[in-house]
Amino acid sequence: MIVPFSHVLVLSGILFVLGVFCAVARRNLIMIILGIEIMLNAAAIAFIGASLRRQDLDGQTFVLFILAVAATEVSVGLAIIVYAFRRTGSFDPGNFNLMK
Amino acid sequence: MQMTGGHITVSIVTLATLAPFAAFLVILLFMRSRPRLSAGLSIGAVILSFACSVLLLILHRAGGEAVQYTSRWMVAGNIEVPFGYLIDPLSLLMLVIVATICLLVQVYSLGYMAGDPGFSRYYAFMSLFSWAMMSLTVSPTLFQLYIFWELVGLSSYLLIGFWYEKFSATQAGKKAFVMTRTGDTAFFIGLLLIFLHLGNIGILQLNGPEAKALSPNVITLAALLIFGGIVGKSAQFPLMTWLPDAMEGPTPVSALLHSATMVAAGVYLFARLFPFFSLSPTAMSIFLGIGTISMLLAATMAMVSRDIKKVWAYSTISQLGFMIMALGAGGYFAGVFHLTTHAGFKALLFLCSGVFIHHFHTNDIFELGGLGGRALKVPMICLAIAAAALSGIPPLSGYFSKEAIIGTLAALENPVWLAAGLAGIFLTAYYAFRVIFLLLLPKPGETAQAPPSPSPTHVSLDGGGNSEYRFMAWPLIVLAGVTVVLGLLENSLRDFLVGPHALGAVAGDEMHARAGYLALGLAASGVVLAWFEFGRHGSSRIGFVERIPVLARLFAERWYLDHFYRLLVGEVIDKGISYLCYKNDNKVIDGSIDALCAGTVEGGRITALLNSCMIQYRLLTIFAVLVFLALYFSF
Amino acid sequence: MHYATFPFLSAILLSCVAGMSAIVFIPEDRKTLIKWVSAVFSGITLVLSLCLFFAYDRNTGGLQFVERLSWIPQLGIQYLNGVDGFSLPNLLLTGIVFFTGVLTMWELEHRVKEFYALYFLLVTGVFGLFMSLDLFFIFVWYDVSLFPMYLLIAIWGTTRKEYGAMKLTLYLLAGSALILPAIVLLYVKSGLGTFDLTALLKPGLFSADQQKLAFILLYLGFGVLAGLWPFHTWSPVGHVAAPTGVSMVHAGVLMKIGAFGVLRLAIMLCPLGWRYWAELMAVLATIGIVYGALTALRQTDLKYVIGYSSVSHMGVVGLGLSTMTAEGLDGAVFQMFAHGIMTALLFSSVGYIYDRTHTKLIPELGGLSRIMPVASGYFIVAALAGMGVPGLANFWGELVVFISAFKVYPVRGIAAVLALVITALFMLRVIQRTFYGPENHHRRGKGARQKILDPRFEPEISSLSQRHQDVERKTRQLQRKVYGKKLVGADQKHHREGAGE
């Protein structure tokens, strides 16, 4: 392996945390989806590193699945956001608190 | 159920005590609106009681063995509250006294209370009192005595506050009840103490050898506690200020309850338990001291009072103190004899004053004199006789009983008691005759007011054919006769009560005689001083006490005892402790509960934040939980 | 244990339930019919409880009139009723208070049907608890009697009713939250798999620690209901807020359930726990007695006074229960009965006064004895009983309790006896301010506070009968103005006759 597996995991972890921050600490619905995307990609990097380490293709196959799911989820999420924006005119998640 | 002695006796006693009770119930329930019938029923019942008590006296005139009858009234575990009677010379004597005075006062009330809207209620309460007082005198156990003791207090409350529209009357009734209640709790605790050690014991056994088994400390403590009840009921120091206030009640009530019978119940209890109390010399000396203090304090208060009823009220306290002195010094017969004579002349004093008050509508001595009080002949003469008896002028009854007491006091080692007793006699004569002279010989121009507005119960000045006046006059004459005659019965009474050999301490003859002459001399000088200051022409009408304003104020304010009590109840209990409890309830207990509730609500609000609609917080929560679980399961 | 030939106990329960059902089916505008039906059914329960009281064989004692029906055998729950010397007077008390409570609320106009239906439900729960011998059912009856209280106070109550109802319900629910674990503990640890009280009475079933734990839980849980200090503050508030009939049941019977629960469950099932906690019981009870009396001294609302005096008297019951003597228990049960009757009478009188003067505040009342002599008489008799005047009911209960308490806890006994003086003080003060004295001409009602003339500054009266007549005349004038001719006419006749010739 060119890169030690631990380095890959660290990269993945940092990316994941960045994704969490993006999802949680921004007052924008689209940013939440971005954050989720980043988290998904972080997980994908971890899978690829693991597949390289084990010298088989299972991990990389799973990454393809992840990418597919991510795409689906983004499209559905964006559809919801568009609808929500049409209803309330804002992207601020704080405005969606009718169930408090 | 045990009984020693005749069945007849028991049935007569039952009749005597229960007749007034039946009258009370019937009047209260059915006859509120029929005053004549109520009065008739009540007086009928009392006549029956009187006849029964006289019959009993005749049956048992030889003295001797006590008759006791008890039946189990209430049983709980090993607590037995029996109900029964104890007939011995002392209880018989007291029973006769009570019945007589009840009868005379109820007849008198026919005149005094005529026209009062609460007439039936008055007689109902009078019957209640008669029942309670008579049952008290024949109680065989302390428990039963305590029960009727409280009931007597209750009827006192009801009768003092009889004219309940008047705030001061209800205030006085409440004060009387609460003060006597305080004494009664001490009595009750003493009772419990005896019960703790000796079980369900009756009075006879308490006076007998069984009580000697107790340790001296227990006897002293029990005696002191029971004496607490006596202090309350007989208005001794320090629980003495309720009695003058109790004069708010109608005058016949004052005559019956607060001079002759109810307040005498304390002294009666003392006499009843005399052998038991004698087991503790410490207690007896304390009793002697308290009696002396009460006697002197009350006498000083009587010297400056302007209200005729209050003078006699203070006098009652003083004379009761005198009786307690006698009993505390060991003079059983002297104390009881004075109790008997005092009942007679004190009731007479009150009843005579009542006629004056009823006619002139004022209690003030100076006003009564100024309005021509002396013109009512029968009351004036009887008043003079009674006052003379009170002062101890021979040959009236008071002289003999006071002489007996002085003899007892003279037998004591410490001469201070005798000195106090003699001082008391001097003061008594002084204040008694102060009233007489103020009434009899008014100064012209003194509080001359318009003649009194004709009351609906107008009484002709020389006591003519008016029936009301006759109702009021006859009891006066009877009592005056008793006062004159009773003294001569001393020896037969002594034989009846204590047997041919005198019990208790009496001084040697020479000492006795000397003390007796000294007492007579002091009484006479008291009368002379009163004459000098109030009676003779051109007298200044200012007592020697009033020339010293500090003293006069002290006596008039009842030695500031009332102020002390007002402070105690008002500030300490009412505003202090009670307020603390109330604030505790509101702020502390409720406050902590409210804080708990508020905390719960706030906690809920915080937890709700987790579920609040900020999507990102939810995300964070999920993330945190997952991390935690991952860490937990990996380590 | 004697099984019943005629199921008195179930008959009592049945008549309550039947009454409630009957009321439910009557249309709500037939108010008089509802009231009559209620009176009839409550009368039936009174008659039944009286028969029960006299049919109980005193010489044999023990549990009698036992009825047993298996309900859920797998869990050991039975429908088990029985009566013994402790519950007998309480059943009679409930019957009396129920019947008189129904009559007292006769002038109710607002939502009569729901009121009486809930009232019947409440009393069903109370009766059930007194007669049940199955732990599970005891708990069920406790809660059955609890929730109608909330509705009754919240809808028909007066002063601060929502607060009072909420506070009462939450406190009592907290109490039941303490009772349930204790019952479950007893059920599980006995190993018998039954809730039957008679079976659980077998000695040696529970270890000392279990008994101590169960006892303190049961004592605190039921004690909340019995007005145990310091968990008593719901009681005065609840009394004040509740309508008259509910107050009567509340103070007269509901608080007795608490004490009875302590007796029936805690004391009978956990004697070792009783011995361990008896000192604490005595301390709390004595504090309750003195504290209740002292706090009552400061109150200005009639019902608050009675509420705090109830706390004080229930302290006497608690003191009797803590003495661990037969006399103490006897005295406690007698005091329960006596206090129940007395307090029901007090509340009934207060309700009567409130209906006519529209105020319960003492500064606004005065001189009522002139206007309503009979009602005043009842209140005064009840107040005298509350003070422990011999001859009236409370005296005997208090006497026995104080004697037995003094034997075991001298100091606490003395403190309790001293509280008698304070009780006399506040009771007499209430009587004086409310019934005696001159009439309070500034009375407006509806809780409005007006300036009151201080009667203490009246000049000393020397001519008594003259002034008496003046007062009479003025009172009659006021009566005519305020109360109309009819009442005055009747009163005048009374006074004319009473005034004599």
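1. Thoughts on the overall build of chain C
Next up, step 1: Along the backbone of chain C there are 19 helices and two strands.
Next up, step 2: Buried positions account for 62% of the 501 residues belonging to chain C.
Next up, step 3: Accessible surface, chain C as shown: approximately 18,400 Å² in total, 65% of it carbon and sulfur.

2. Details of the interface of chain B and chain A
Next up, step 1: Listed as interface residues are seven residues of chain B and, on the opposing side, 15 residues of chain A.
Next up, step 2: Both faces combined, the contact of chain B with chain A buries some 940 Å², and carbon together with sulfur accounts for 77% of it.
Next up, step 3: Counting across the interface, chain B meets chain A through zero salt bridges.
Next up, step 4: Between chain B and chain A we count two residue pairs in polar contact (both at pLDDT 80 or more) in total.
Next up, step 5: Each residue belonging to the side of chain B that touches chain A can be placed in one class, and the counts come to six nonpolar, one polar and no charged.

3. Concerning the side chain of Q64(C)
Residue and element names in this part refer to chain C.
Next up, step 1: Its location among the elements puts Q64 in strand β1 (residues 64-72).
Next up, step 2: The exposure class of Q64 is buried, given its relative accessible area of 5%.
Next up, step 3: With sequence-adjacent residues up to four places away left out, Q64 is seen in contact with H2, Y56, D57, G82 and V83.

4. Some thoughts on the pairing of β1(C)
All names here are of chain C.
Next up, step 1: Taken together, the six bridges between β1 and strand β2 (residues 77-83) define a ladder with antiparallel strand orientation. Bridge assignment links L69 to a residue of β2, and that residue is Y79.
Next up, step 2: With antiparallel pairing between neighbouring strands as the criterion, β1 and β2 make up a hairpin whose turn holds four residues, including G76 at a positive phi of roughly 80°.

5. Let's talk about the interface of chain B and chain C
Interface extent is often summarised as the accessible area lost during association of the parts.
Next up, step 1: With 59 residues of chain B at the interface, the matching set in chain C holds 65 residues.
Next up, step 2: Taken together, the two surfaces of chain B and chain C that pack against each other cover about 6,200 Å², and 68% of this comes from carbon and sulfur.
Next up, step 3: Linking chain B with chain C are one salt bridge.
Next up, step 4: Linking D590(B) and K167(C) is a salt bridge whose minimum nitrogen-to-oxygen distance equals 2.9 Å.
Next up, step 5: Taken together, the links from chain B to chain C amount to 11 residue pairs in polar contact (both at pLDDT 80 or more).
Next up, step 6: For the side of chain B that touches chain C, the secondary-structure elements that each account for two or more residues are α2 (35-59), β2 (67-76), β3 (79-87), α5 (142-160), α6 (167-198) and α24 (561-610) of chain B.

6. Regarding the packing of helix α3 (residues 87-104) of chain C against helix α10 (residues 244-269) of chain C
Residues and elements named next belong to chain C.
Next up, step 1: Between α3 and α10, the least distance of the axes is 8 Å, while the angle of their chain directions is 165°. Relative to α10, α3 is oriented roughly antiparallel. Along this stretch, α3 crosses α10, giving a crossing that reads as left-handed. Counted together, S87, N90, L93, T94, V97, T100, G101 and T104 of α3 and T244, G245, M248, V249, G252, V253, K256, F260 and R264 of α10 form the full contact between these two elements.
Next up, step 2: Residues of the contact of α3 with α10, tallied by class, amount to six nonpolar, nine polar and two charged.

7. Comments concerning the arrangement of the chains
Next up, step 1: Out of two pairs of chains that touch, the pair holding the most contacts is chains B and C.
Next up, step 2: The two units chain A and chain C never meet; even their closest C-alpha atoms stay 25 Å apart.

8. Considering unusual backbone geometry
Next up, step 1: Note that the residue after P394(B), namely P395(B), is joined by a cis bond; omega there is -5°.
Next up, step 2: Tracing the chain through its elements places P395(B) in the loop between α17 (377-391) and α18 (397-410).
Next up, step 3: Looking along the chain, the bond that leaves W229(C) and enters P230(C) is cis, with omega of 0°.
Next up, step 4: Note on placement: P230(C) falls in the loop between α8 (208-225) and α9 (234-241).
Next up, step 5: The phi angle at F65(C) is positive, at roughly 55°, despite the residue not being glycine.
Next up, step 6: Within the secondary structure, F65(C) is located in strand β1.
Next up, step 7: Phi at M324(C) is positive, roughly 60°, even though this residue is not glycine.
Next up, step 8: With respect to the helices, strands and loops of the structure, M324(C) is situated in the loop between α12 (302-322) and α13 (326-357).
Next up, step 9: With relative accessibility at 34%, the residue M324(C) sits in the partly exposed group.

9. Looking at the packing of aromatic side chains
Residue and element names in this part refer to chain B.
Next up, step 1: Summed over all chains, the structure comprises 58 aromatic pairs over all chains.
Next up, step 2: With a centroid separation of 5.2 Å and 65° between ring planes, the pair formed by F119 and Y123 is classed as edge-to-face. Of the two residues, F119 and Y123 both sit in helix α4 (residues 119-137), four residues apart, roughly one turn of that helix.
Next up, step 3: With a relative accessible area of 8%, F119 lands in the buried category.
Next up, step 4: Assessed through its relative accessible area of 0%, Y123 is described here as buried.

10. Notes on the nonpolar core
Next up, step 1: Ranked by size, the top nonpolar core spans 408 residues in total, and within it L142(B), F270(B) and F277(B) carry the most contacts.
Next up, step 2: When residues in this core are grouped by element, the largest group, 18 residues, is from helix α15 (residues 332-360) of chain B.
Next up, step 3: Taken domain by domain, this core gets at least three of its residues from each of domain 1 (352-552) and domain 2 (563-634) of chain B.
Next up, step 4: Dropping the residues within four chain positions of it, F277(B) is found in contact with A223(B), I226(B), I230(B), F270(B), M284(B) and F287(B).
Next up, step 5: Core analysis: the next-biggest nonpolar cluster, separate from the first, contains five residues, L29(A), I33(A), V74(A) and I81(A) among them.

11. Re helix α1 (residues 7-30) of chain B
Residues and elements named next belong to chain B.
Next up, step 1: Here α1 contains 24 residues, and its C-alpha end-to-end distance of 33 Å stays within 8% of the 34 Å for a straight helix at 1.5 Å per residue.
Next up, step 2: Along α1, the sharpest kink reaches roughly 30°, centred on L18 and followed within four residues by the proline P20.
Next up, step 3: Every buried residue belonging to α1 is among T9, V10, I12, V13, A16, T17, A19, P20, A23, F24 and I27, and all of these are buried.

12. What to know about the packing of helix α8 (residues 216-233) of chain B against helix α13 (residues 281-303) of chain B
Residues and elements named next belong to chain B.
Next up, step 1: Across the interface, α8 lies against α13 with an axial gap of 9 Å and an inter-helix angle of 25°. Between α8 and α13, the interaxial angle falls into the category roughly parallel. Judged by the sense of rotation from one axis to the other, the crossing of α8 with α13 is right-handed. For the pair α8 and α13, the contacting residues are T220, A223, L224, F227 and V231 in the first and T282, A283, I286, F287 and I290 in the second.
Next up, step 2: Class assignment of the residues belonging to the contact of α8 with α13 gives a composition of eight nonpolar, two polar and no charged.

13. A closer look at empty space enclosed by the protein
All names here are of chain C.
Next up, step 1: Tallying each qualifying case throughout the model produces eight cavities of 30 Å³ or more.
Next up, step 2: One number sums up the size of the largest cavity: a volume of about 160 Å³.
Next up, step 3: Mapped onto the lining of the largest cavity, the elements with two or more residues apiece are α8, α10, α11 (271-297) and α12.
Next up, step 4: For the lining of the largest cavity, the element with the most residues is α12, which contributes six residues.
Next up, step 5: For the lining of the largest cavity, the residue count by class is 13 nonpolar, five polar and no charged.

14. Things to note about the confidence of the model for chain C
Low pLDDT marks regions whose predicted coordinates should not be analysed in detail.
All names here are of chain C.
Next up, step 1: Counting all residues, the mean pLDDT for chain C is 84, and 88% of those residues have values of 70 or more.
Next up, step 2: In this model residues 483-501 is a low-confidence stretch, pLDDT under 50, and it forms 24 contacts with partners more than four residues away in sequence or in other chains.
Next up, step 3: Predicted complex, confidence summary: ipTM 0.83, pTM 0.83.

Calculation rules
- Residues numbered from 1 in each chain as written.
- Chains lettered and ligands numbered in written order.
- Predicted model: local features only at pLDDT ≥ 70, side-chain atom pairs only at ≥ 80, totals over all residues.
- Heavy atoms only, no water.
- Helix = DSSP H or I, 4+ residues; strand = E, 2+ residues; numbered from the N terminus.
- Buried < 20%, exposed > 50% of the residue type's maximum accessible area, 1.4 Å probe, protein only.
- Areas by Shrake-Rupley, 256 points an atom, 1.4 Å probe, with all protein chains shown as cover.
- Contact = heavy atoms within 4.5 Å.
- Buried area = accessible area lost by both parts, 1.4 Å probe.
- Salt bridge = Lys/Arg side-chain N within 4 Å of Asp/Glu carboxyl O.
- Polar contact = N/O pair within 3.5 Å; in protein donor to acceptor, adjacent residues only side chain to side chain.
- Nonpolar A, V, L, I, M, F, W, Y, C, P; charged D, E, K, R; others polar.
- Pairing = 2+ DSSP bridges.
- Axes fitted to C-alpha atoms, helices over the stretch in contact; angles between N-to-C directions.
- Parallel < 35°, antiparallel > 145°, perpendicular 65-115°, else oblique.
- Left-handed = near helix turned anticlockwise from the far one by under 90°.
- Phe/Tyr/Trp six-rings, centres within 6.5 Å; stacked < 30°, edge-to-face > 60°.
- Core = buried A, V, L, I, M, F, W, Y, C linked by side-chain atoms within 4.5 Å.
- Domains from an automatic or database assignment.
- Expected span 1.5 Å × (residues − 1).
- Bend = angle between axes of the 7 residues up to and from the residue.
- 1 Å grid on protein atoms, 1.4 Å probe; cavity = no way out; pocket = protein on both sides within 12 Å on 5 of 7 lines; lining within 4 Å.
- Points joined across faces, edges and corners; volume = space filled by probe spheres on them.
- pLDDT = per-residue confidence, 0-100.

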